[in-house]
Amino acid sequence: MAVRTEPFVLNMGPVHPSTHGVFRMRATLDGEVVIDIEPVFGYLHRGIEKLAEQRTYTGITPLTDRLDYISSMSNNLAYCLAVEKLAGIKVPERAEYIRVIMAELQRIAALLIAVGAFLNDCGAYFTPFLYMFRERERIVDLFEMVSGQRLTYNYMRAGGVSQDLPEEFMPALRKFMDMMPRFMDEYDRLLMQNEILIARAKGVGILTGEQAINCSVSGPVLRASGVNWDIRKADPYSIYDRFDFDIPTQATGDCYDRYRQRVEEMRQSLRIIRQAMEQLPSGPVRAELPQLIRPPTGEAYARIEAPKGELGFYLVSDNSIAPYRCHIRPPSLINLTALRDMVRGWKVADLIIIFGSIDITVGEIDR
Amino acid sequence: MEIKPAGKYIYSDIELDREEGQVIEDLKANSQEPIPDPDRWLDEKLEQNILLTTVDALINWGRRSSLWTAICFPACCAFEMIAANGPRFDLARFGMEILRASPRQADLMITAGTLTWKMAPNVRRIYNQMAEPKWVIAMGACAISGGIFASAEYAVVPGYNRIIPVDVYVPGCPPRPEALIYGIQMLQQKIARRKNIDVRKLLER
Amino acid sequence: MTIPLSGKDVASKIEEKFPGSVVESSQDNLVVKGNFLLDAARFLRDTEGLDLDFLNFVTAVDYYDHFEVVYWLSSLEHNHSLTIKARCYDRENPVLPSVVGLWQGADLQEREIFDLFGIKFEDHPNMKRIFLWEGFAGHPLRKDFI
Amino acid sequence: MKFERYGIGIAKGLTVTIRHLLRHPTVNQYPEQRLNISRRFRGNELVWNREKCTGCGTCAKTCPQGAIEIVTSTDMTENKYVVDKYQVDTGYCIQCGLCVEACPYEALYFSHAYECAKYRRGELVQGKEDMLDRPERKVSGYFYPDKAKELPEQTMLVEKVTEKR
């Protein structure tokens, strides 16, 4: 017998342990069932697009670091690709390989956080998260070696990368590559058959392929819904067409599939890094460019497959040293479009899991 | 396939939004000047009273070795904060492994990240809800001065010291976990100097 | 590789169906009239051979005398892309039709444009500020802001 | 939801956790043990070489923040600029490294220090005297590969070493 209750509004956030930053949801509940949610954004709106209009093309790179702060290298790459497309800059071969290695390492690091935080939301309080944070720490070590910072790398520049790899980098990377597959197996042993995880995540928050496409969802969330679409394959940027890797997809598009999808993608990233390490040529790492870049009047949209989805930079130039307009296509924000459809009819506890499985970064949502 | 758009929200109250907006505007208008640093203790001399200083020392030792952190991690620095809490740097060694989601159970606020005007009333409320005595560490450039986003004046608060008094400033963008731990140790030194029992007030009685 | 569709070819197709709807077209993009935007968008999404079913992003650019709203569409099936634009010249109260009914992905982005540029999208289910608070004066991404 | 294999998944997971008892510890006990940080580490302060600096102001122009304040006057007798005021607000600087990268005369470096927390906001502003290049100040190798070679090698978590100093 269903008891009729008045719908009431539950406010979650902006400071809440499971909203991954300062994110707020107004959930309308019927008993414990979510009948509607309204996400409230803007608690981290820092005006990055406005600031970009006032800075030189080089000076914007530090801003992109702070967009999706757990994958700074990917943001750097997307921005640099956009500037290069706009100004017609050719990047040296070695720089391309270094960029691919960095972007894929960053993907592993960001997906580790995504998986760890998702499991944290599932109730595995902090244990898997700390395991994965430890492995992320190994990757951060490598980034620190090349760029000198632990979180905001500011490593890539239009026309290459800022400095060549230090000589101790390749041995360290090789050691990391030898270890990482073992850790991946360990995570699988720790979690894959865990009954609690399966009970909480399987069949929850299903997003169908058609719905995902209609909501412009991209990245692992889209592929978990069974759509084989990866920009690295579909629209290869940089030198991704030279590597041999697969695009894993899942069938149903529930929370468990999104978790599995991320784990599978990490393994593919390792494959790409291994190939890039073998092929790494020697040579210059930075094209000769003037200090202030003045691209010709026009517009360019460059996109990459960031850990969270399609990250794109739409730049409009008016032949000055600063872009006329710099729009960022934020995968986190657009993936959240589907949230409302996914959570309706589920319980409040499932709302947390579904939200966690989308994997957002508030810095990128609000910009 | 035709997918129906989700349509109107069941609950989307414009009145409530306006009220919240008014609170933000009021706070913005009232906090244009930075709150001075609570640094008077740096110049003060310690009172000489053996019994009271021993009691003070005991209380302060208890307080400084069990600092509990309130969750207020808006942005990037949060990840260095978590890294400091994580397996490699392990803040639990200082008795502060717990991140309290409820500010009422916390006495330290590590402000890791950019503060926007929209968020400012909430931070002020978290600070007000924290149990006395309470301390604030401003972590990173954004928390100190607005940092890279300081020129987006319309949205970003130029430093947490507009909203709440800050005890220790840790520069960096973001600071390394070690730098944060160093800042926490500085705060512990400050707590060690704190006078909990006022001698003059006791004598007056 | 994603093949960018020629704006001129698509423009002639749209012009055939809805006469007088295209303002200008070039190799890279085409500009449609605001009141034909919804028809053109539906045509682009549903026509066999075009099937532009994925809205990559919506954004706006302020050119002082007019706003330009940019829609970047692509097709996952045929792997091609197209940029269409719509302009509105009214600075005080710019209005365009909303495409949320066609691509739900435009939902939050149109709210963002409303917030930062002040362009109102008609028939959007929840047209209110997204990043800034109610009562904020002005639209920060406009070139004349402050 | 059916639980056909109830308990097996959790038991498997627990073995992973228990196995960690035998592993090398990850923890670095910071104030006693210090990691050797990256040779290119961008420290929280800037180091300035007065002899090499010509007062061209490229660093201030390149800084996306405008955090560097430089005031120069012309010295007619030696026909060069004299730096009267050189000031960086380390609470505003974001350590992006563009100034160090841009300096044409190699007069600006990052320091290798990170313990720069202060009690007062005003103390974070680095004046001309605080920035001077002194032998006891460790200089980071960011953009200076020959300086990087002098620094100790970075401690990596991959190599399972925690160094005691």
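Owing to the predicted nature of the structure, the values given are computational and were not obtained by experimental measurement. (Residues numbered from 1 in each chain as written. Chains lettered and ligands numbered in written order. Predicted model: local features only at pLDDT ≥ 70, side-chain atom pairs only at ≥ 80, totals over all residues. Heavy atoms only, no water.)

A. Main features of the overall build of chain B. Within chain B, the secondary structure is distributed over seven helices and five strands. From first element to last, N terminus to C terminus, chain B shows the α and β order α-α-β-α-β-β-α-β-α-β-α-α. Oriented by its inertia axes, the alpha-carbon framework of chain B measures out at about 80 × 45 × 35 Å. For chain B, with 205 residues in total, the buried portion stands at 56%. Long-range contacts, defined as pairs at least 24 residues apart, comprise 82% of the intrachain contacts of chain B with a sequence gap of at least 6. Carbon and sulfur atoms make up 53% of the accessible area of chain B, which amounts to about 9100 Å² in all. Separation of charge centres in chain B, based on 25 positive and 25 negative side chains, amounts to 4 Å. (Helix = DSSP H or I, 4+ residues; strand = E, 2+ residues; numbered from the N terminus. Buried < 20%, exposed > 50% of the residue type's maximum accessible area, 1.4 Å probe, protein only. Contact = heavy atoms within 4.5 Å. Areas by Shrake-Rupley, 256 points an atom, 1.4 Å probe, with all protein chains shown as cover. Lys, Arg positive; Asp, Glu negative; His and termini not counted. Charge placed at Lys NZ, Arg CZ, Asp CG, Glu CD.)

B. Seen up close, helix α6 (residues 169-191) of chain A. Across its 23 residues, α6 of chain A extends 32 Å between first and last C-alpha, which sits within 8% of the 33 Å expected from 1.5 Å per residue. By the largest-angle criterion, Met179 of chain A marks the main kink of α6 of chain A, which is about 25°, and a proline, Pro181 of chain A, follows within four residues. (Expected span 1.5 Å × (residues − 1). Bend = angle between axes of the 7 residues up to and from the residue.)

C. Examining the environment of Ala84 of chain B more closely. Residue and element names in this part refer to chain B. With respect to the secondary-structure elements, Ala84 resides in helix α3 (residues 77-85). The spacing of Ala84 and Ile184 is 100 residues in sequence and 11 Å in space, taken between C-alpha atoms. Every residue in contact with Ala84, bar those within four places of it in the chain, is listed here: Phe89, Asp90, Leu91, Pro177 and Leu180.

D. Looking closely at a nonpolar patch on the surface. Together, Leu14, Ile18, Leu21 and Leu22 of chain D line one region of the surface with nonpolar side chains, adding up to about 500 Å² of accessible area. Along the polypeptide, Leu14 of chain D turns up in helix α1 (residues 8-19). (Patch = residues over 30% accessible without salt bridge, like charges linked within 9 Å, V, L, I, M, F, W, Y side chains within 5 Å. Salt bridge = Lys/Arg side-chain N within 4 Å of Asp/Glu carboxyl O.)

E. The nonpolar core, seen in detail. Of all hydrophobic cores here, the largest spans 230 residues; its most connected members are Met102, Tyr155, Leu173 and Leu336 of chain A together with Leu44 of chain C. The biggest single contributor to this core is helix α4 (residues 93-122) of chain A, with 17 residues. In contact with Tyr155 of chain A, other than residues within four places in its own chain, are Met73, Asn76, Ile98, Met102, Val146, Ser147, Val161, Ser162, Gln163, Asp164 and Leu165 of chain A. One finds Met139, Met186 and Leu187 of chain B together with Phe41 of chain D within the second-largest nonpolar core, a separate group that totals 35 residues. (Core = buried A, V, L, I, M, F, W, Y, C linked by side-chain atoms within 4.5 Å.)

F. Inspection of the sheet that holds strand β4 (residues 135-139) of chain B at higher detail. Residues and elements named next belong to chain B. The strand order across the open sheet built from five strands is β2-β1-β3-β4-β5, with neighbouring strands paired in parallel fashion. Strands with a single pairing partner mark the edges of an open sheet, and in this sheet they are β2 (99-100) and β5 (168-170). As judged from the two bridges shared by strand β1 (residues 69-70) and strand β3 (residues 108-112), these two strands associate in the parallel manner. In the strand pairing of β3, Ala70 is matched with Met109. In the packing of α3 onto the sheet, contacts are made with β1, β2, β3 and β4, and the angle to β3 comes to roughly 130°. (Pairing = 2+ DSSP bridges. Axes fitted to C-alpha atoms, helices over the stretch in contact; angles between N-to-C directions.)

G. Structural context of the confidence of the model for chain B. Overall, the prediction assigns chain B a mean pLDDT of 81, with 91% of residues at 70 or greater. The low-confidence segment residues 1-5 of chain B (pLDDT under 50) makes eight contacts with residues lying over four places distant or belonging to another chain. (pLDDT = per-residue confidence, 0-100.)

H. Inspection of the packing of aromatic side chains at higher detail. Scanning the model with the defined rule gives 29 aromatic pairs over all chains in all. Relative to Tyr153 of chain A, the ring of Phe143 of chain A has its centre 4.7 Å away and its plane inclined at 55°; by these criteria the two rings are tilted. Placement of Phe143 of chain A in helix α5 (residues 127-147) and of Tyr153 of chain A in the loop between α5 and β4 (156-157) is noted, with a sequence separation of ten residues between them. The pair formed by Phe143 of chain A and Tyr153 of chain A is uniform in burial state, with each residue classed as buried. Members of the aromatic cluster, joined through ring pairs, are Tyr97, Tyr237, Tyr240, Phe243 and Phe245 of chain A. Above the face of the Phe133 of chain A ring, Arg136 of chain A is positioned so that its terminal group lies 5.2 Å from the ring centre. The cationic tip of Lys143 of chain C hangs over the ring face of Tyr324 of chain A; the distance from NZ or CZ to the ring centre is 3.9 Å. (Phe/Tyr/Trp six-rings, centres within 6.5 Å; stacked < 30°, edge-to-face > 60°. Lys NZ or Arg CZ within 6 Å of the ring centre and 35° of its normal.)

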